Amino acid sequence: MEAGYFKMSAGAVTVLPDDPLVEILSRVPAKSVCRFKCVSKAWCDLIADPDNRKKLRQPMQGLFVQTSEVSDSEVDNGCISFSYSFTDLTVRSVPLDIDTCFSFLTEMTGIAAFMLHSCNGLILFRQHQESSEGYIVCNPTTRQWSAVPACGSCEGIIHTYLAFDPAVSSHFHLVQFQMPDVHFPMPCMHEDVVLLHVYSSETGTWSQNQIDEQKEQGQLEGWHHQFTLDAVYQCAFVNSFLHLIVWGSDGKHILAVDVQGKARRMITMLRMADESQRHSITCYLGQSQGHLHCVTIDSADKNNDKLSTWVLQDYDTQEWVLKSTVNSLDVFGETRVTPEYQVVDIHQDCNVLFFLQQLTCELIAYNMDRKEVSVIATFKDYKFRGDFACYVPYFSESPALTNKH
């Protein structure tokens, strides 16, 4: 029955001209596009065509890894050295044609770039050049990049995130939260004030403080006075909104902000039905297969953490569904000391979690469907800390990225 329906569907769409068919496929998840290559040779050729490839969503290919360390000679002046590498997640006969070390950025005289965030094929760096600071947004696939000036004063604590959806626009936005540092008070800010500015690559300018322009109602009313941004967790870009974890008097919530910097929704964090998990903590927030995911740790057994992966199955009803549970012993094995680890990412297209084991400097993949654990990389030069950014190829040359190597 299913095979017959599939045949009929495939035969029905073959009468469509290439252009509208590619337009339809451009709105389909990357995992489905890959499967559609098997429909027929004509479909495979259509999807593989270099011009069409620029318009279609691509599957996640790997992880960029940034390692950093402070040498003894650099401690006094606070300088940090960065190095970059790439972990390929696919089996291929021909290596990827990308500059995995970002030499087209780092070889520019006087620039020190720190990787902050990635979104749908673009990567955001914080950059320092001589006496000026700002940002760089680059596309590692096309080696295009664009410099973005800093937004006004750099006082306080600043967290900046990249928002980019090629299905909506070829332009990107930077959403910047600026908060006072309790250790170094800002004379121009009260201690509970959050400033929120947005950069648009289309206009080339930063906006005024967006919080002053907003008229929130309901649960969002006065959120910037009642909640504190928890930047320990990654930001997830889902449904054209940036999602960030914030702290309130009643616990953690997820704040959804649009690319104009307007707060759109406050999502309640999952509530554990099982009494034994009431003390679980959230250690990761991310996006996979078009849905918001979070990972919680239950440390009731100090020698064996319980790791649970949850998915926000229904965005409107805020229904969290348990997808997978695994014990830390099953992931890292038995060690002489309690392993220190972090969840660094989730695969964009399938149910795979990535962990960094701090003791062994190993990058570990856990397949939730097959319940398989594999070490996919070991970082020999890992000395200070590591940051990760997923790589999803974006083949189109963007007018928003004005420089090319």
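Because the structure is a prediction, the values reported are computed rather than measured.

A. A look at the packing of helix α2 (residues 18-25) against helix α4 (residues 41-48). Relative to each other, α2 and α4 sit at 75°, their axes nearing to 11 Å. In terms of their interaxial angle, α2 and α4 are classed as roughly perpendicular. Taking contact as the criterion, the partners of D18, L21, V22 and L25 in α2 are, on α4, W43, L46 and I47. For the contact of α2 with α4, the residue count by class is six nonpolar, no polar and one charged.

B. Inspection of a negative patch on the surface at higher detail. On the surface, D18, D19, D49 and D51 cluster together to form a negatively charged patch. One can find D51 in helix α5 (residues 50-53). Judged by relative accessible area, which is 51%, D51 ranks as exposed.

C. Quick look at the packing of aromatic side chains. Here the structure, examined in full by the defined rule, presents 18 aromatic pairs. Between Y84 and F125, the ring centres sit 6.0 Å apart and the planes meet at 80°, which makes this aromatic pair edge-to-face. Pair noted here: Y84 is in strand β2 (residues 81-88) and F125 is in strand β4 (residues 122-129), with a separation of 41 residues, a long-range link. Owing to a relative accessible area of 10%, Y84 belongs among the buried residues under this scheme. Taking relative accessible area as the criterion, F125 reaches 0% and is therefore assigned buried.

D. Molecular detail of the pairing of strand β13 (residues 241-248). Burial analysis of β13 places six of its eight residues in the buried class, the great majority of the element. Across two bridges, strand β11 (residues 228-229) lies against β13 in antiparallel orientation. Bridge pairing in β13 links L229 to V246. Taken together, the three bridges between strand β12 (residues 236-238) and β13 define a ladder with antiparallel strand orientation. Bridge pairing in β13 links A236 to H243.

E. Spatial organisation of unusual backbone geometry. Of note in the backbone geometry, Q289 takes a positive phi value of approximately 55° without being a glycine. As for its position among the elements, Q289 is in the loop between β16 (281-288) and β17 (291-298).

F. Highlighting the side chain of T87. On the secondary structure map, T87 appears in strand β2. Setting aside its immediate chain neighbours within four residues, T87 contacts Q61, G62, L63, V65, L363, I376, A377 and F379.

G. A look at the state of the cysteines. Per the stated rule, a full pass over the model turns up zero disulfides. Distance from the sulfur of C235, which forms no disulfide, to the nearest cysteine sulfur (C119) is 8.1 Å. Among the residues examined, C235 registers a relative accessible area of 10% and is labelled buried. Here C294 is not cross-linked by a disulfide; its sulfur's nearest cysteine counterpart is in C283, at 8.5 Å.

H. Layout of the sheet that holds strand β18 (residues 306-314). Strands sit in the order β16-β17-β18-β19 across an open sheet of four strands; the sheet is antiparallel. Across the chains shown, the open sheet's two edge strands, defined by having one partner strand only, are β16 and β19 (319-327). Here the strands of the sheet are splayed against their neighbours by 25° on average, with no regard to which way each runs. Alignment of β16 against β17, held across seven bridges, turns out to be antiparallel. Its bridge partner lying in β17, Q287 is registered against L292.

I. Summary view of α4. Restricting attention to buried positions, one finds in α4 the residues W43, L46 and I47. For α4, the arc enclosing every buried residue in end-on projection is 95°, short of the 170-degree limit, so these residues lie on one face.

J. Fine view of the pattern of salt bridges. Applying the stated criterion to the full structure yields five salt bridges. For R264, the salt bridge identified is with D258, shortest N-O distance 2.8 Å. Judged by its relative accessible area of 43%, R264 falls in the partly exposed class. Between R265 and D316 there is a salt bridge, with the nearest N and O atoms lying 3.8 Å from each other. Placement of R265 in strand β15 (residues 263-268) and of D316 in the loop between β18 and β19 is noted, with a sequence separation of 51 residues between them.

Reading the values: rules and limits
- Residue numbers restart at each chain and count upward from 1, following the sequence in its written direction.
- Confidence filtering applies because this is a predicted model: local features only for residues at pLDDT of at least 70, side-chain atom pairs given and counted only at 80 or more, and all residues used for totals across whole chains, interfaces and linings.
- Side-chain measures here rest on the full set of heavy atoms in the structure, leaving out hydrogens and waters.
- Simply put, an axis is a line fit to the C-alpha atoms, just over the touching stretch for a helix, and the angle between two N-to-C directions goes from 0 to 180 degrees.
- A run of H or I in DSSP becomes a helix once it reaches four residues, and a run of E becomes a strand once it reaches two; helices and strands are each numbered from the N terminus.
- In this scheme, roughly parallel covers angles under 35 degrees and roughly antiparallel covers those over 145, while 65 to 115 is roughly perpendicular and the rest are oblique.
- Residues are treated as being in contact if the distance between any of their heavy atoms lies within 4.5 Å.
- The classification used treats Ala, Val, Leu, Ile, Met, Phe, Trp, Tyr, Cys and Pro as nonpolar, Asp, Glu, Lys and Arg as charged, and all other residues, Gly among them, as polar.
- What goes into a patch is any residue over 30% in relative accessible area without a salt bridge, connected to like charges within 9 Å or, for nonpolar side chains (Val, Leu, Ile, Met, Phe, Trp, Tyr), within 5 Å.
- Only the protein chains shown count as covering a residue, and every accessible area follows the Shrake-Rupley method with a 1.4 Å probe.
- The term salt bridge refers to a pairing of a side-chain nitrogen on Lys or Arg with a carboxyl oxygen on Asp or Glu at a separation within 4 Å.
- When charges are counted, neither His nor the chain ends are considered; positive counts come from Lys and Arg and negative counts from Asp and Glu.
- In plain terms, the charge of a residue is placed at NZ if it is Lys, CZ if Arg, CG if Asp and CD if Glu.
- The rule is simple: take the accessible area with a 1.4 Å probe, protein chains only, and divide by the maximum for that residue type; under 20% is buried, over 50% is exposed, in between is partly exposed.
- Note on aromatic pairs: the rings of Phe, Tyr and Trp (six-membered ring only in Trp) are paired at centre separations within 6.5 Å, and the planes decide the class, stacked below 30 degrees, edge-to-face beyond 60, tilted for the rest.
- Two strands qualify as a pair provided DSSP detects at least 2 bridges between them.
- Pairs of cysteine sulfur atoms within 2.5 Å are what we label disulfides.
- Note: the arc covers the axis-to-C-beta directions of the helix.

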